[in-house]
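# A closer look at the structure
The primary structure of each chain is shown beneath.
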Amino acid sequence: MKNKLVMLSMIVFFFLFLIPGSLALNVPSNESVQAKELLNQVQKDISEMISKNISILRVNETYQEAIQLYSAQMALEEKGGRADYRLVIEYASKISLVEKTALEADDELRIFMKNYANAEKQANLSAMNEDYNQIILSFSEERFEDTLTLIKKGYDRISEIQSSQTAVNAVYSATSKTIKNFFIENGLKIAIIILVVFVLLLVFRSTLIKLRMRIKLNNLIMQKKAINGLIKEMQGSYFKAKKISETEYRIKLKNYEEFIRDIDRQVMVLKEEMFKRDKRRGSDKG
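Residues numbered from 1 in each chain as written. Predicted model: local features only at pLDDT ≥ 70, side-chain atom pairs only at ≥ 80, totals over all residues. Heavy atoms only, no water.

### Concerning the overall build of the chain
Across its full length, the chain holds 9 helices and 0 strands. Across the chain, helices and strands are ordered from the amino to the carboxyl terminus as α-α-α-α-α-α-α-α-α. Counting across all 286 residues of the chain, residues that qualify as buried make up 24%. Long-range contacts, defined here as pairs at least 24 residues apart, represent 68% of the contacts in the chain between residues at least 6 apart. For the chain, the exposed area adds up to about 21,200 Å²; of that, 59% sits on carbon and sulfur atoms. (Helix = DSSP H or I, 4+ residues; strand = E, 2+ residues; numbered from the N terminus. Buried < 20%, exposed > 50% of the residue type's maximum accessible area, 1.4 Å probe, protein only. Contact = heavy atoms within 4.5 Å. Areas by Shrake-Rupley, 256 points an atom, 1.4 Å probe, with all protein chains shown as cover.)

The following block contains the structure:
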């Protein structure tokens, strides 16, 4: 009788404590359920991005890491260890945030491109080609946050260009009318002034050409003096102060000498041309 009571007590203990404990081990924790639900939602988010032809390289890498972490924590939990799903939940939340931003950027980009195309028909937007390309590039590189910021700046830039060109067109229109009216009212006076200027240019053409040649000659002479001054300064730095090396001295000296030879050649050609003009002018007078 006593043995039966002991046996009955063991059976009751088994059913009350051991079986519920073993069943509890197979029941997933609340954290694992939450993590799994978030991962399932992330999978749907990524599928939606794919359906809209949005690049998923950025989120997919994080998703794969989250899956690996989840599997490792589940295995630990099944063995009775203390699992930690916080990082899995954090990764899933980040992916959802990126997906939300990506979809918003996709919608904003489509609207912006339509508005840009319409604005391009009314104004010359070539000045913001670089801005437009940066917006497209930021989206293709999955910098969706930057895309939204750049789109806002893009709208501001379009408005600036349109306002500027509208003002320019208004000024041009008003100026054109004013100039047109001016020529209509003063056509005879303008014609006389143009004729007088033309005659003066013909009369003083030779003098003006000679003056221009003399100015050019003086400029060449001044250039030669300046280079000679640089040569003297460089020689002082090399021979006296020893501030430059022999190699640097020889290279610079060679360049300066080439400059001087080129100037001398130009001076010679210019003087020869001036001589021929003076001779031709003397022959005409004779």
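### A closer look at the side chain of Ser 32
Here Ser 32 is to be found in helix α2 (residues 30–51). On the basis of relative accessible area, Ser 32 is assigned to the buried category, the value being 1%.

### Things to note about the packing of helix α4 (residues 86–122) against helix α5 (residues 129–140)
Two elements in contact, α4 and α5, have axes whose closest approach is 11 Å; the angle formed by their N-to-C orientations is 155°. Considering their axes alone, α4 and α5 lie roughly antiparallel with respect to each other. Seen along the crossing, α4 lies across α5 with a hand that is left-handed. The residues of α5 that touch α4, namely those facing Ala 102, Ala 105, Asp 106, Leu 109, Phe 112, Met 113 and Tyr 116, are Asn 129, Tyr 132, Ile 135, Ile 136 and Phe 139. Here the contact of α4 with α5 is composed, by residue class, of 10 nonpolar, 1 polar and 1 charged. (Axes fitted to C-alpha atoms, helices over the stretch in contact; angles between N-to-C directions. Parallel < 35°, antiparallel > 145°, perpendicular 65-115°, else oblique. Left-handed = near helix turned anticlockwise from the far one by under 90°. Nonpolar A, V, L, I, M, F, W, Y, C, P; charged D, E, K, R; others polar.)

### Brief notes about the pattern of salt bridges
Summed over all chains, the structure comprises 12 salt bridges. Linking Glu 141 and Arg 143 is a salt bridge whose minimum nitrogen-to-oxygen distance equals 3.0 Å. Judged by relative accessible area, which is 27%, Arg 143 ranks as partly exposed. For Arg 265, the salt bridge identified is with Asp 262, shortest N-O distance 2.6 Å. (Salt bridge = Lys/Arg side-chain N within 4 Å of Asp/Glu carboxyl O.)

### Topic: the nonpolar core
Soluble globular proteins: nonpolar side chains tend toward being buried together. Formed by 37 residues in total, the largest nonpolar core has its most connected members in Phe 112 and Phe 144. Elements with a minimum of two residues in this core: α2, α3 (57–78), α4, α5 and α6 (144–185). In terms of residue count, α4 provides more of this core than any other element does, 13 residues in total. Discounting chain neighbours no more than four positions away, the residues touching Phe 112 are Met 128, Tyr 132, Ile 135, Ile 151, Gly 154, Tyr 155 and Ile 158. Judged by nonpolar contacts, the second largest core, of 17 residues, contains Ile 227, Met 234, Leu 253 and Tyr 256. (Core = buried A, V, L, I, M, F, W, Y, C linked by side-chain atoms within 4.5 Å.)

### Some words on the packing of aromatic side chains
By the definition in use, this model includes 9 aromatic pairs. Ring geometry for Tyr 70 and Tyr 85: centres 5.8 Å apart, planes at 50°, overall tilted. In this pair, Tyr 70 is assigned in helix α3 and Tyr 85 in the loop between α3 and α4, connecting sequence segments 15 residues apart. We classify Tyr 85 as buried; its relative accessible area is 3%. Joined through ring pairs, the aromatic side chains of Phe 112, Tyr 116, Tyr 132 and Tyr 155 make up one cluster. Seen from the ring of Tyr 238, Lys 242 lies directly overhead, with NZ or CZ sitting 5.7 Å from the centre. (Phe/Tyr/Trp six-rings, centres within 6.5 Å; stacked < 30°, edge-to-face > 60°. Lys NZ or Arg CZ within 6 Å of the ring centre and 35° of its normal.)

### Examining a nonpolar patch on the surface
Where nonpolar side chains cluster on the molecular surface, the patch consists of Leu 188, Ile 192, Ile 193, Val 196, Val 197, Leu 200, Leu 201, Phe 204, Leu 208, Leu 211 and Ile 215 and spans about 1,000 Å² of accessible area. Of all the elements in the fold, those that place two or more residues in the nonpolar patch are α7 (187–203) and α8 (205–240). Here the nonpolar patch takes 7 residues from α7, the largest share from any one element. Mapping Leu 200 onto the fold places it in helix α7. Look at Leu 200 and you get partly exposed, because its relative accessible area is 43%. (Patch = residues over 30% accessible without salt bridge, like charges linked within 9 Å, V, L, I, M, F, W, Y side chains within 5 Å.)

### As for the packing of α3 against α4
As a packed pair, α3 and α4 sit with axes 9 Å apart at the nearest point and diverge in direction by 160°. The orientation of α3 with respect to α4, classified from their angle, is roughly antiparallel. Crossing geometry of α3 relative to α4 is assigned as left-handed. Between α3 and α4, the residues in contact are Arg 58, Val 59, Thr 62, Tyr 63, Glu 65, Ala 66, Leu 69 and Tyr 70 and Leu 87, Val 88, Tyr 91, Ile 95 and Val 98, respectively. A per-class count over the contact of α3 with α4 returns 10 nonpolar, 1 polar and 2 charged.

### Topic: the environment of Ile 209
The residue Ile 209 is located in helix α8 in this model. Of the residues examined, Ile 209 reaches a relative accessible area of 15% and is grouped as buried. Along the backbone, Ile 209 and Met 274 are 65 residues apart, and their C-alpha atoms lie at a distance of 9.6 Å.

### With respect to α3
For an α-helix, 3.6 residues make a turn, and residues three or four places apart therefore share a direction. An ideal rise of 1.5 Å per residue puts 32 Å on 22 residues; α3 measures up with 32 Å between its terminal C-alpha atoms. Here α3 has its buried residues at Val 59, Tyr 63, Ala 66, Tyr 70, Gln 73, Met 74 and Glu 77. Buried residues of α3, viewed axially, fall in a sector of 100°; they line one side. For α3, the exposed residues lying more than 90 degrees away from the buried face are Leu 57, Glu 61 and Gln 68. Check the buried side of α3 and you find it contacts α2 and α4. (Expected span 1.5 Å × (residues − 1). Arc of directions from axis to C-beta.)

None of this, on its own, says anything about what the molecule does.
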